[in-house]
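# A structural walkthrough
What follows is each chain in one-letter form.
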Amino acid sequence: MKCPYCGADATKVVDSRPADDNNAIRRRRQCDNCDKRFTTYEKLETMPVMVIKKDNSREAYDRAKIESGILRSCHKRPISRDQIKKAVDEIENELFANVDSEFSTALIGELVMEKLKDLDQVAYVRFASVYREFKDVNTFIEEIGELLKK
């Protein structure tokens, strides 16, 4: 690591500790040449995960989109933020465990519906009605019938 003050190559680490919720390492360094101290951050560089949409276009994965979809489905339901956060964490774990760098919105939608079915049936039907694009009341009734069979 070069010293930002004098440009010397010889520096030593004086202190090292986790930063950014254990996603990075903060290092205090000291230059052997001019004795000035400076801070560096070391963070894992990751490749962006891409999502393949229905129209076959691709966009970067965004956790907030999953969270907002679940939040809308759970509006005015007895579901805490912690339960929603846990559900999103579980969905992400399943996604990243099974796929390298791309996955479809269909896979995300199915995983969200599985979690919502366990979390709250009303939220599940709300999400499914938008995700599966219910066209009429009969489609709603069929979905609810399937839910009641289980």
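Residue positions are given per chain, counting from 1 as you read along its sequence in written order. Local features are withheld for residues below a pLDDT of 70 in this predicted model, meaning they are given only at 70 or higher, and side-chain atom pairs are given and counted only at 80 or more; totals for whole chains, interfaces and linings count all residues. Only heavy atoms go into the side-chain values, all of them from the structure, while hydrogens and water stay out.

### What about the sheet that holds strand β1 (residues 11–19)?
One requirement defines pairing of two strands: DSSP has to find at least two bridges between them. Each helix corresponds to a stretch of at least 4 residues labelled H or I by DSSP, and each strand to a stretch of at least 2 residues labelled E; elements are numbered beginning at the N terminus. As summarised here, the arrangement of the three strands in space is β1-β2-β3, forming an open sheet in which the pairing is antiparallel. Two strands close off the open sheet at either side, each with one partner strand: β1 and β3 (37–43). Going across the sheet, the axis of each strand differs from the next one's by a mean of 25°, ignoring polarity. Direction of pairing for β1 relative to strand β2 (residues 24–31): antiparallel, over a ladder of eight bridges. Helix axes are fitted to C-alpha atoms over the stretch in contact, other axes to C-alpha atoms as well, and angles between N-to-C directions run from 0 to 180 degrees.

### Thoughts on the side chain of D120
Along the chain, D120 falls in the loop between α3 (105–119) and α4 (121–131). The class for D120 is buried, based on a relative accessible area of 10%. Any two residues whose heavy atoms approach within 4.5 Å at even a single point are treated as in contact. Here D120 is in contact with R77, P78 and I79, once residues within four sequence places are set aside. Per-residue accessibility, obtained with a 1.4 Å probe over protein chains only, is compared with the maximum for each type, and a residue is labelled buried under 20%, exposed over 50%, and partly exposed between these values.

### So, the packing of helix α1 (residues 63–73) against α4
Across the interface, α1 lies against α4 with an axial gap of 8 Å and an inter-helix angle of 120°. Judged by the angle between their axes, α1 and α4 are oblique. The handedness of the crossing between α1 and α4 is right-handed. Along the contact surface, α1 presents G69, R72 and S73, while α4 presents A123, R126 and F127. Under the scheme applied here, ten amino acids are nonpolar (Ala, Val, Leu, Ile, Met, Phe, Trp, Tyr, Cys and Pro), four are charged (Asp, Glu, Lys and Arg), and all others, including Gly, are polar. Its residues assigned to classes, the contact of α1 with α4 comprises two nonpolar, two polar and two charged. Here the angle decides the label: under 35 degrees means roughly parallel, over 145 means roughly antiparallel, 65 to 115 means roughly perpendicular, and every other value means oblique. In this scheme, a crossing is called left-handed if the near helix is turned counterclockwise away from the far one by less than a right angle; it is called right-handed if the turn is clockwise.

### Quick look at a nonpolar patch on the surface
Taken together, the side chains of V137, F140, I141, I144 and L148 present a nonpolar region at the surface, about 480 Å² in accessible area. Turning to its location among the elements, I144 is positioned in helix α5 (residues 137–149). For I144, a relative accessible area of 35% gives the class partly exposed. Two joining distances apply to patches: 9 Å for like charges and 5 Å for nonpolar side chains (Val, Leu, Ile, Met, Phe, Trp, Tyr), and every residue must have over 30% relative accessible area and no salt bridge. In this description, accessible areas are obtained by the Shrake-Rupley approach with a 1.4 Å probe, and a residue is regarded as covered only by the protein chains that are shown. A pairing counts as a salt bridge when a side-chain nitrogen of Lys or Arg comes within 4 Å of a carboxyl oxygen of Asp or Glu.

### With respect to the packing of aromatic side chains
Aromatic rings considered in pairs are described by the distance between their centres and by the relative angle of their planes. Between the rings of Phe, Tyr and Trp (Trp by its six-membered ring), a pair exists once the centres lie within 6.5 Å; its type follows the angle of the planes, with under 30 degrees stacked, over 60 edge-to-face, and the other angles tilted. Counted by the stated rule, this structure contains four aromatic pairs. Relative to F96, the ring of Y61 lies with its centre 5.3 Å away and its plane at 80°, an arrangement referred to as edge-to-face. Taken together, the positions of Y61 in the loop between β5 (58–60) and α1 and F96 in helix α2 (residues 81–98) put the pair 35 residues apart, joining distant regions of the chain. Ring centres of Y61 and F103 lie 5.8 Å apart, and the angle between their planes is 70°; this geometry places the pair in the edge-to-face category. Here F103 lies in strand β6 (residues 102–104) and Y61 lies in the loop between β5 and α1, a separation of 42 residues in the sequence. Residue classification places Y61 among the buried residues on the basis of a relative accessible area of 17%. For F103, a relative accessible area of 4% corresponds to the buried category. In this structure an aromatic cluster arises from ring pairing among Y61, F96 and F103.

### A short note on the packing of α1 against α3
Think of two packed helices as two axes; the pair is described by the angle between the axes and how far apart they sit. As a packed pair, α1 and α3 sit with axes 11 Å apart at the nearest point and diverge in direction by 40°. In terms of their interaxial angle, α1 and α3 are classed as oblique. Crossing angle aside, the handedness with which α1 passes α3 is right-handed. Where α1 abuts α3, its residues I66, I70 and S73 lie against I108, V112 and L116. Looking at the contact of α1 with α3 residue by residue, the classes come out as five nonpolar, one polar and no charged.

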